[in-house]
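# Remarks on the overall topology
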Amino acid sequence: MADYYPYRIVSGRCDLTLIWRPGEGDAPDELAVDDRGGLLVFHDFKTLQDHCVRNGWELVREGEATLDLRVVQRWVEHPDLDSVSAGLLLEAWNFFEDLSHSLKTGPPLPSQGSIHDNAYEKFFGGDALESTAGEGAWTDEESAAVRELLRVGLELWEHAVRGSSTS
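Criteria and cut-off values
Residues numbered from 1 in each chain as written. Predicted model: local features only at pLDDT ≥ 70, side-chain atom pairs only at ≥ 80, totals over all residues. Heavy atoms only, no water. Core = buried A, V, L, I, M, F, W, Y, C linked by side-chain atoms within 4.5 Å. Buried < 20%, exposed > 50% of the residue type's maximum accessible area, 1.4 Å probe, protein only. Helix = DSSP H or I, 4+ residues; strand = E, 2+ residues; numbered from the N terminus. Contact = heavy atoms within 4.5 Å. Salt bridge = Lys/Arg side-chain N within 4 Å of Asp/Glu carboxyl O.

Looking now at the nonpolar core. Of all hydrophobic cores here, the largest spans 38 residues; its most connected members are Phe95, Phe96, Leu99, Leu150 and Trp157. Every element with two or more residues in this core is listed here: strand 1 (3-10), strand 2 (15-21), helix 2 (69-77), helix 3 (86-102), helix 4 (114-123) and helix 5 (140-162). Contact partners of Phe95, with chain neighbours within four places excluded, come to Tyr7, Ile9, Leu18, Leu31, Leu67, Leu69 and Trp157. The next biggest cluster of nonpolar side chains, apart from the first, holds nine residues, and it includes Ala2, Ile19, Leu40 and Cys52.

In structure tokens form, the structure reads like this:
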């Protein structure tokens, strides 16, 4: 039996909790969807827990994660005005990847190439957003590519919530 994890998303709309499941082997991580391919979202933990019990899913509450998309949205729209942690942007990028792999419909994330690969690798140096980090900082082109990917990811999230099965 696979483990399932609650994943809370804070956005301008509301706070919702999803069910996240790590991929097995080389399979991508995924978010739980309904029979029509719509994202399963829950307004309260009891409803999420009941859903997992009905489906025979083992819900693991250890290390529950929360992603604040409001901060990501502000950075995408005004990268020079708001400071944001590189860790939050990395988490959002990974979340949008999981979301795009899980949904059957919605806007696709931009095609990713070497610019994205370079920007992604720089997250792990910890200085991607620091202009004083020299080679560890994002170039203007990398920063623009990350902002565009996150912008489309935010659109995908809005699309997913509009077409979701809410409980």
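A side chain with one charge can pair with a side chain of the opposite charge if their charged atoms come near. A full pass over the atoms with the stated rule returns nine salt bridges. A salt bridge links Asp34 to Arg36, with the shortest nitrogen-to-oxygen separation between them at 3.5 Å. Lys122 serves as the salt-bridge partner of Glu142, at 2.8 Å between the closest nitrogen and oxygen. Placement of the pair is Glu142 in helix 5 and Lys122 in helix 4, with a sequence separation of 20 residues. Residue Glu142 is classed as buried on the basis of its relative accessible area of 5%. Residues joined by salt bridges that share partners form a network here, namely Arg21, Glu24 and Glu30.

The analysis is restricted to geometry; functional conclusions fall outside its scope.
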